[in-house]
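# Per-entry structural report
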Amino acid sequence: MSHEGIRIVDKGQQAREDQDDQPLARIAVTPEKVRVLLTEGRGLEIDWADGHRSAWNFAWLREACPCATCVEQRKAEGRKPGQLKSRPAELLPMYTPPVKPASAHAVGRYAIQFNWLDGHSGGIYSWDYLRRSCQCPECTFAADEEPTGAPN
Ligand SMILES: [Zn+2]
Ligand SMILES: [Zn+2]
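Here is what the cut-offs are and how they apply
Residues numbered from 1 in each chain as written. Chains lettered and ligands numbered in written order. Predicted model: local features only at pLDDT ≥ 70, side-chain atom pairs only at ≥ 80, totals over all residues. Heavy atoms only, no water. Pairing = 2+ DSSP bridges. Helix = DSSP H or I, 4+ residues; strand = E, 2+ residues; numbered from the N terminus. Axes fitted to C-alpha atoms, helices over the stretch in contact; angles between N-to-C directions. Buried < 20%, exposed > 50% of the residue type's maximum accessible area, 1.4 Å probe, protein only. Donors = N, O, S within 2.8 Å, 3.2 Å for Na, K, Ca; no water. Tetrahedral: all angles 85-135°; square planar, octahedral: opposite > 155°, others 65-115°. Contact = heavy atoms within 4.5 Å. Core = buried A, V, L, I, M, F, W, Y, C linked by side-chain atoms within 4.5 Å.

## What about the sheet that holds strand β2 (residues 43–48)?
Sheet architecture is open: three strands sit in the order β1-β2-β3, paired in antiparallel fashion. Edge positions in the sheet fall to β1 (31–37) and β3 (53–56), since each has one partner strand and no second. Within the sheet, the average angular offset between the axes of one strand and its neighbour, ignoring direction, is 10 degrees. As paired elements, β1 and β2 share six bridges and run antiparallel to each other. Along β2, the bridge assignment pairs Lys 33 with Asp 47.

As structure tokens, this is what we get:
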């Protein structure tokens, strides 16, 4: 049995072929509905054309900013996209305002951009990037299941 491209599985299982170096099927990166839950401060929700639904909170999105500066910074700190900076333990907890964009807008047909309240706005979140960063249990499970290489 050969599996070409992305298998569309009704429920329960996400196709396992979507490795980072392989292009995703067009319907997997075509948003049918995009909801930016600004007033609620909840985050971004996308219904994809293949029936999958993804949701991200704003804190995650801010820490997953795909701009060159943020990518470099995460690399230097060894963080994954969306992973929060660890705060020094000795500091007293300070009030941090909720991470939220002031606004969001579409970039062409392929991406969305956020104008964060902290003034940052350089990140362009392509549908492809977002789909690959889907936070649903199915996708995060698949992403954790990395090939282990040669057996010990
Ligand atoms: Zn950035
Ligand atoms: Zn998912």
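## Focus: the pairing of β3
Here β3 shows a clear split, with Ser 54 and Trp 56 buried on one side and none of Arg 53 and Ala 55 buried on the other. The sheet contact formed by β2 and β3 spans four bridges and is antiparallel. Paired with Glu 45 across the bridge in β3 is Ala 55. Linking β2 back to β3 in an antiparallel pair, the connection comprises four residues, with Gly 51 at a positive phi of about 95 degrees.

## Points about the coordination of the zinc ion (ligand 2)
Coordination angles at a metal have ideal targets, namely 109.5 degrees for four tetrahedral donors and 90 or 180 degrees for six octahedral donors. The protein atoms that coordinate the zinc ion (ligand 2) are His 52 (NE2), Cys 134 (SG), Cys 136 (SG) and Cys 139 (SG), at distances spanning 2.0 to 2.3 Å. Between the four donor atoms coordinating the zinc ion (ligand 2), the angles at the centre fall across 105 to 116 degrees, so the site counts as tetrahedral. Along the chain, the residues donating to the zinc ion (ligand 2) are arranged with the sequence spacing H-x81-C-x1-C-x2-C. For Cys 139, a relative accessible area of 11% gives the class buried.

## Some details on the environment of Ser 54
Position of Ser 54 among the secondary structure elements: in strand β3. Of the residues examined, Ser 54 reaches a relative accessible area of 1% and is grouped as buried. Expressed as a C-alpha distance, the spacing of Ser 54 and Leu 44, which sit 10 residues apart in the sequence, is 8.2 Å. In contact with Ser 54, not counting residues within four places along its chain, are Leu 44, Glu 45, Ile 46, Trp 48 and Cys 134.

## A short note on the coordination of the zinc ion (ligand 1)
Surrounding the zinc ion (ligand 1) are the protein donor atoms Cys 65 (SG), Cys 67 (SG), Cys 70 (SG) and His 120 (NE2), at 2.0 to 2.3 Å. Each of the four donor atoms around the zinc ion (ligand 1) contributes to a set of angles spanning 105 to 114 degrees, which defines the coordination as tetrahedral. Residue Cys 65 is classed as buried on the basis of its relative accessible area of 1%.

## Quick look at the nonpolar core
Counting residues in each nonpolar core, the largest one holds 21 residues, and the members touching the most others are Leu 44, Trp 56, Leu 61, Phe 114, Tyr 125 and Leu 130. Elements that contribute at least two residues to this core include exactly β2, α1 (58–63), β5 (111–116) and α3 (127–132). Residues in contact with Leu 61, not counting those within four places in the same chain, are Leu 44, Trp 56, Phe 114, Trp 116, Tyr 125 and Leu 130.

So yeah, pure geometry; function would need other evidence.
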